[in-house]
Amino acid sequence: MDYEQLITEVGIQPSQLFLGLAMGLAFGIGASISQFCLRKLVLDLSVLKLSNASYTWLFGLGVAIMATQLLLRGDTGDISEAPVLNGGASLSGPIIGGFMFGFGMMLSRGCASRQIIQLASGNLRSLFTLATFAVAAQLTYGGQLVPFRQTVQDLWRLNQPANQLHEWLPLAQSHYLIIGVVMTIVSALILIKGRAWPQLVGAAIVGFAIALGWYVTSFIAYHSFNAILPQSITFSAPAAQSLISVISLDAPFIRLGAGLLIGCLVGSIIVTLGRRDFNLQSFTPRLPMGQYLLAGTLMGVGSVLASGCSIGAGLSGTAVMATSSVVTLIFILFGGLISARYNS
């Protein structure tokens, strides 16, 4: 099949929108079914006792790593041009930004992707948090906080030509695959023992959605002379870019990012309708607006400083073993643990 001609006939921009919708839809359905949430892993780590919720997240990460490493073999799986793998990446940004994101994630009772899923079930606090998150991300990404972002990210940058763990550790691609296989098998056995079938199925969908995102975007990039860059699911940049697209007629409409957000919301709504658990929720004295304002701001600024959120860095970036993404995930967990202790 002449893939170059097919991509030309469909068009790069429509392809990005359809791909974003498909990726977001799969993620939304999988995350909703499994109640996929990094916050629950942090809470379990704070008491040193992992529950099925923690193994659900670890299973999703293991599937993402394993499937990504398997799919990216061969020329069409070249992701060397992916922004997350660029040399000279910041480490100070992931450290500070990851900590901020993790702290805010605990305050808002879920990361950015979790807010979309909760919004689909009628949580108005999530709508407010998402709006705050998008505004803070845009201010940091292309607004008044750009000098702050640049200062933080320039504190410590990698000198290596590529932002991957093999620049620091003696790891080959086969080692990444082994790591993913071990995580997947161990977590799966525990979930099967606990008969956590929805968690098992949903987390598998999430992991495969991450892997397919990397594969399909790299495939299109290979057959379109890098008309798009290899990437997978993330929510910080799409939220910021979609916000500016809505409020400004001159801003470009980022179709892949918009498709991700819309697809994730639609997928979550489908699961909510299937479960019939729509329930309007708002702020309460125990869950005040100020707490969610702070949480959304911390997550928005932190995700841009770190160049990724708990999904963009914690899953997508870690699936390709990007050094900055692994650092971001570690400090999201650290910031979350501090927040859990502070608010306990």
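What you are looking at is a predicted structure, and each value in this text was computed from that prediction instead of being measured.

Undergrad: Any chance you could explain the overall build of the protein here in plain terms?
TA: Per the secondary structure count, the protein includes 15 helices and 0 strands. Compactness check: the protein gives a C-alpha radius of gyration of 19 Å against a globular reference of 20 Å for 344 residues, within 12% of the reference. C-alpha extents for the protein along the principal axes are approximately 60 × 50 × 45 Å. Residues classed as buried in the protein amount to 53% of the 344 residues present. Within the protein, contacts between residues separated by at least 24 positions form 82% of all contacts whose residues are at least 6 apart in sequence. Split by element, the accessible area of the protein, about 15,300 Å² in all, is 66% carbon and sulfur. Here the protein holds 16 positive side-chain charges and 11 negative ones, and the gap between their average locations is 25 Å.

Undergrad: Would you mind showing me how to read the pattern of salt bridges here?
TA: Pairing is possible between side chains of opposite charge, provided their charged atoms come close. Inspection of every chain in the model, using the stated rule, returns 1 salt bridge. Where Arg-157 meets Asp-154, a salt bridge forms, and the shortest distance between an N and an O atom there is 2.7 Å.

Undergrad: How should unusual backbone geometry be read in this particular structure?
TA: Most peptide bonds are trans, and most residues other than glycine sit at a negative phi. Non-glycine residue Leu-48 carries a positive phi angle of around 55 degrees. By the element assignment, Leu-48 lies in the loop between helix 3 (38-46) and helix 4 (52-71). In this structure, Arg-195 takes a positive phi of about 55 degrees despite not being glycine. Mapping Arg-195 onto the fold places it in the loop between helix 9 (173-193) and helix 10 (197-223). For Arg-195, a relative accessible area of 63% translates into the label exposed.

Undergrad: Is there a simple way to explain the nonpolar core in this structure?
TA: Side chains of nonpolar character tend, in soluble globular proteins, to be buried together. Counting 64 residues, the largest nonpolar core has Met-105, Trp-214 and Ile-233 as the members making the most contacts within it. Examining the composition of this core, we find that 8 residues originate from one element, helix 10, more than from any other. When sequence neighbours within four positions are dropped, the list of residues in contact with Trp-214 reads Thr-68, Leu-72, Ile-79, Ala-82, Val-84, Pro-230, Gln-231, Ser-232, Ser-316, Ala-319 and Val-320.

Undergrad: Would you mind showing me how to read the packing of helix 6 (residues 112-120) against helix 12 (residues 255-275) here?
TA: Helix-helix packing is described using two parameters, namely the angle between the two axes and the distance between the axes. Two elements in contact, helix 6 and helix 12, have axes separated by 8 Å at closest approach and are oriented at 45 degrees. Classed by the angle they form, the pair helix 6 and helix 12 counts as oblique. Here helix 6 runs over helix 12; the crossing is right-handed. Facing helix 6, whose interface residues are Ile-116, Ile-117, Leu-119 and Ala-120, helix 12 presents Leu-261, Cys-264, Leu-265, Ser-268, Ile-269 and Thr-272.

Undergrad: Is there a simple way to explain the environment of Gly-142 in this structure?
TA: Examined against the element boundaries, Gly-142 turns out to sit in helix 7 (residues 124-142). When the C-alpha atoms of Gly-142 and Gln-241 are compared, they prove to be 9.3 Å apart, with 99 residues separating the residues in sequence.

Undergrad: Any chance you could explain the packing of aromatic side chains here in plain terms?
TA: Any pair of aromatic rings gets described here by the distance separating the centres and the angle formed by the planes. Evaluation of the coordinates by the stated rule reveals 9 aromatic pairs. Judged by centre distance (5.5 Å) and plane angle (55 degrees), the ring pair of Phe-27 and Phe-235 falls under tilted. With Phe-27 in helix 2 (residues 12-34) and Phe-235 in the loop between helix 10 and helix 11 (236-247), the pair connects residues that are 208 residues apart, well separated along the chain. Across the pair, Phe-235 and Phe-27 agree in class, each one buried. Seen from their ring centres, Phe-128 and Phe-283 are 5.5 Å apart, and the 90 degrees between their planes marks the pair as edge-to-face. One end of the pair, Phe-128, is in helix 7; the other, Phe-283, is in the loop between helix 12 and helix 13 (289-305), with 155 residues separating them in the sequence. Its relative accessible area of 26% is what places Phe-283 among the partly exposed residues. Joined through ring pairs, the aromatic side chains of Phe-99, Phe-103, Phe-331, Phe-334 and Tyr-342 make up one cluster.

Reading the values: rules and limits
- Residues numbered from 1 in each chain as written.
- Predicted model: local features only at pLDDT ≥ 70, side-chain atom pairs only at ≥ 80, totals over all residues.
- Heavy atoms only, no water.
- Helix = DSSP H or I, 4+ residues; strand = E, 2+ residues; numbered from the N terminus.
- Rg over C-alpha atoms; globule rule 2.2 N^0.38 Å.
- Buried < 20%, exposed > 50% of the residue type's maximum accessible area, 1.4 Å probe, protein only.
- Contact = heavy atoms within 4.5 Å.
- Areas by Shrake-Rupley, 256 points an atom, 1.4 Å probe, with all protein chains shown as cover.
- Lys, Arg positive; Asp, Glu negative; His and termini not counted.
- Charge placed at Lys NZ, Arg CZ, Asp CG, Glu CD.
- Salt bridge = Lys/Arg side-chain N within 4 Å of Asp/Glu carboxyl O.
- Core = buried A, V, L, I, M, F, W, Y, C linked by side-chain atoms within 4.5 Å.
- Axes fitted to C-alpha atoms, helices over the stretch in contact; angles between N-to-C directions.
- Parallel < 35°, antiparallel > 145°, perpendicular 65-115°, else oblique.
- Left-handed = near helix turned anticlockwise from the far one by under 90°.
- Phe/Tyr/Trp six-rings, centres within 6.5 Å; stacked < 30°, edge-to-face > 60°.

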